[in-house]
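Geometric and topological summary
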There are 2 protein chains.
Amino acid sequence: MTDTVLAVLNQPSRDAAAHDPSADAYTWAKPLEEHLQVQDLGAIRGDGVFETITVVDGRPQALEPHLARFVRSAAMLDLPAPDLDAWRQAIEAVCARLDPVHEAFAKTVMTRGVEGSGRPTGWVYAAPSGDQSAARTEGIAVVTLDRGYRHDVERTSPWLLQGAKTLSYAVNMAALREAERRGADDALFVSTDGYVLEGTRANLVMSVDGRFVTPRTDIGILAGTTQADVFRFAEGEGIATSYELLTLADLEAADALWLLSSVRQAAPIRSVNGVTRSMDLAMTERINDFLLSREQ
Amino acid sequence: MTDTVLAVLNQPSRDAAAHDPSADAYTWAKPLEEHLQVQDLGAIRGDGVFETITVVDGRPQALEPHLARFVRSAAMLDLPAPDLDAWRQAIEAVCARLDPVHEAFAKTVMTRGVEGSGRPTGWVYAAPSGDQSAARTEGIAVVTLDRGYRHDVERTSPWLLQGAKTLSYAVNMAALREAERRGADDALFVSTDGYVLEGTRANLVMSVDGRFVTPRTDIGILAGTTQADVFRFAEGEGIATSYELLTLADLEAADALWLLSSVRQAAPIRSVNGVTRSMDLAMTERINDFLLSREQ
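In this text the structure is predicted, and so the values were computed from the model without any measurement.

Observations regarding the relation of the copies chain A and chain B
- Least-squares fitting of chain A to chain B yields an RMSD of 0.0 Å, with the superposition described by an axial translation of 0.0 Å and a rotation of 180°. The transformation relating the two chain copies, once decomposed into turn and shift, fits a two-fold axis.
- Both copies share a contact surface, since 100% of the interface residues of chain A are interface residues in chain B too.

As structure tokens, then:
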């Protein structure tokens, strides 16, 4: 945590007042000190949005897709629109200030702010990612867990915020603990009507008869920035890609499975609910080489 | 907010290390200053639990039921057990320090703490409640909204944390905004299989043929402390009470409806989805007189 670099935004949205109108876009802050009030709605209601961005050799990757999703999530929560100029400045400054490290991550957070203030709170911090090689080369064990929702809930009931990347992640963290209790590394959520959704903090991609397939993104899941870049890789390789409604039977029939996310990148799935799956480690290595060499 | 009194706990749980082992149970803090780190899992994952306790003339009400629920919520999230002696001390000190005011509230929050620290963060603040008389005497308009879950999800899928009072309240706040967009004051959640659940921050009680009825508490809703005391009131009055599975048809057939919560106490429902409902304002007044004169 001593390697963490933190910037606090002075005006996270132009639609709301600045914290310090005379200040620059961001202020450097010490990560081990206190910067949030206890009445911040981020801290008492999980009321805000975030992104986690891979940083390779100081360069934030898929920055614009992350920022676009940040804006979409904020809109789904009726938050003021993030001022992307200010966020870009803060993200780039934080990444530039990191100690030289090959893999790091930057986290952007915008909350609704202190109750009654009308001013969102925003910050960005970056830190080294730690060693991700075991997940990438040995694979991960996953269990499937009920997400409790039908696959169409994003359309029928938008106040459930499925598809927004919010700070209300207690369920994701509880599902991760449940997976660990079952001896696995992560969970894969399934809808009550039998469709495969997403991991607790990752998207699923499967290889099926030489194609790459991922769940449709209109079923209450996050549109993955890493998944999108893996599809870009696949298209460059002449591998067909598609977004589909996928069932547990499809999961069982697939030739190879990956969970994709920032920080960990492509992690091949070595077992589902205790059943060993074959992994395509040569393909995994090529995917991760592609992801870690992205220029943007 | 200048009337707010804030105490930060030095050791929210005896199962985890103290922040300051040499300090008292709590430390006085200024509510308008910063007390949380940006890597606190309460702020970045909504990963923690809370209670809101009514304070009348400086006296916290239903304190032990609130603390018991705080402990249950923490256990559902695999958090270390709150040290209730420390929490009681901090709550009582905060309430005693409030400027004299008839109605106030105290909020207790315990988060998983800063990522990797293993030390939960805890605080208590209290502030005047503001005028609740309009809701109590004129009633509130509610709309029913899909909660997206079946009524039995708490038993089938405990990692969804239904029934725990967590900091991941973004959905509750979004439902409240949706209710306001529809011209109402609050939302009443309904399960996908047609059972009436709870409000966004309140429990439902209905009067049916001279009985008081509330939804069963094993259907993924919070067991209400205010609702429990209303049942205690009813029993003292010779009114029968019961916990039942209630459908929208039951809601429609009821003689009177209330949303019950700390701070607002009993708010009669004057309309559901735009349809006017009859209110029992005399009974509402007796309920609120009872609630506001609780000795504990």
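Considerations on the pattern of salt bridges
Residues and elements named next belong to chain B.
- Applying the stated criterion across every chain yields a total of 38 salt bridges over all chains.
- The closest approach of N and O atoms between R270 and D185, which form a salt bridge, is 4.0 Å. Within this pair, whereas R270 is found in strand β14 (residues 265-272), its partner D185 is found in the loop between α6 (170-181) and β8 (186-190), the two being separated by 85 residues in sequence.
- Between D229 and R232 there is a salt bridge; the shortest N-O distance is 3.0 Å. In this pair, D229 and R232 are both assigned in helix α7 (residues 225-236), 3 residues apart and thus about one turn of the helix distant.
- By relative accessible area, which is 8% here, D229 ends up buried.

Concerning the packing of aromatic side chains
- As enumerated under the stated definition, the model contains 15 aromatic pairs over all chains in all.
- Positioned over the ring face of F189(A) is R147(A), at 5.4 Å from the centre of the ring.

Brief notes about the domain arrangement of chain A
Residue and element names in this part refer to chain A.
- Assigned domains of chain A: these are domain 1 (5-129) and domain 2 (134-292).
- The gap between the C-alpha centroids of domain 1 and domain 2 is 26 Å.
- Opposite the 27 residues of domain 1 that make contact, domain 2 presents 20 residues.
- Counting the surface domain 1 buries against domain 2, the share from its top three residues, F50, R69 and M76, is 33%.
- Taken together, the connections running from domain 1 to domain 2 amount to 1 salt bridge.
- Here R136 and E103 are joined by a salt bridge, their closest N and O atoms 2.7 Å apart.
- In this structure, the connection of domain 1 to domain 2 is made through 12 residue pairs in polar contact (both at pLDDT 80 or more).
- Those elements that provide at least two residues to the side of domain 1 that touches domain 2 are α1 (41-45), β3 (48-56), α2 (63-76) and β5 (103-111).

Some details on the side chain of Q61(B)
Residues and elements named next belong to chain B.
- Along the chain, Q61 falls in the loop between β4 (59-60) and α2 (63-76).
- The class of Q61 is buried, set by a relative accessible area of 1%.
- In terms of polar contacts, Q61 uses its side chain to reach the backbone carbonyl oxygen of L291, at 3.3 Å.
- A polar side-chain atom of Q61 sits 2.9 Å from the main-chain carbonyl oxygen of R294.
- Residue contacts for Q61: discarding those within four places in its chain leaves I53, T54, V56, H66, L291, L292, S293, R294 and Q296.

Scoring rules and cut-offs
- Residues numbered from 1 in each chain as written.
- Chains lettered and ligands numbered in written order.
- Predicted model: local features only at pLDDT ≥ 70, side-chain atom pairs only at ≥ 80, totals over all residues.
- Heavy atoms only, no water.
- Least-squares fit on C-alpha atoms with pLDDT ≥ 70 in both.
- Contact = heavy atoms within 4.5 Å.
- Salt bridge = Lys/Arg side-chain N within 4 Å of Asp/Glu carboxyl O.
- Helix = DSSP H or I, 4+ residues; strand = E, 2+ residues; numbered from the N terminus.
- Buried < 20%, exposed > 50% of the residue type's maximum accessible area, 1.4 Å probe, protein only.
- Phe/Tyr/Trp six-rings, centres within 6.5 Å; stacked < 30°, edge-to-face > 60°.
- Lys NZ or Arg CZ within 6 Å of the ring centre and 35° of its normal.
- Domains from an automatic or database assignment.
- Buried area = accessible area lost by both parts, 1.4 Å probe.
- Polar contact = N/O pair within 3.5 Å; in protein donor to acceptor, adjacent residues only side chain to side chain.

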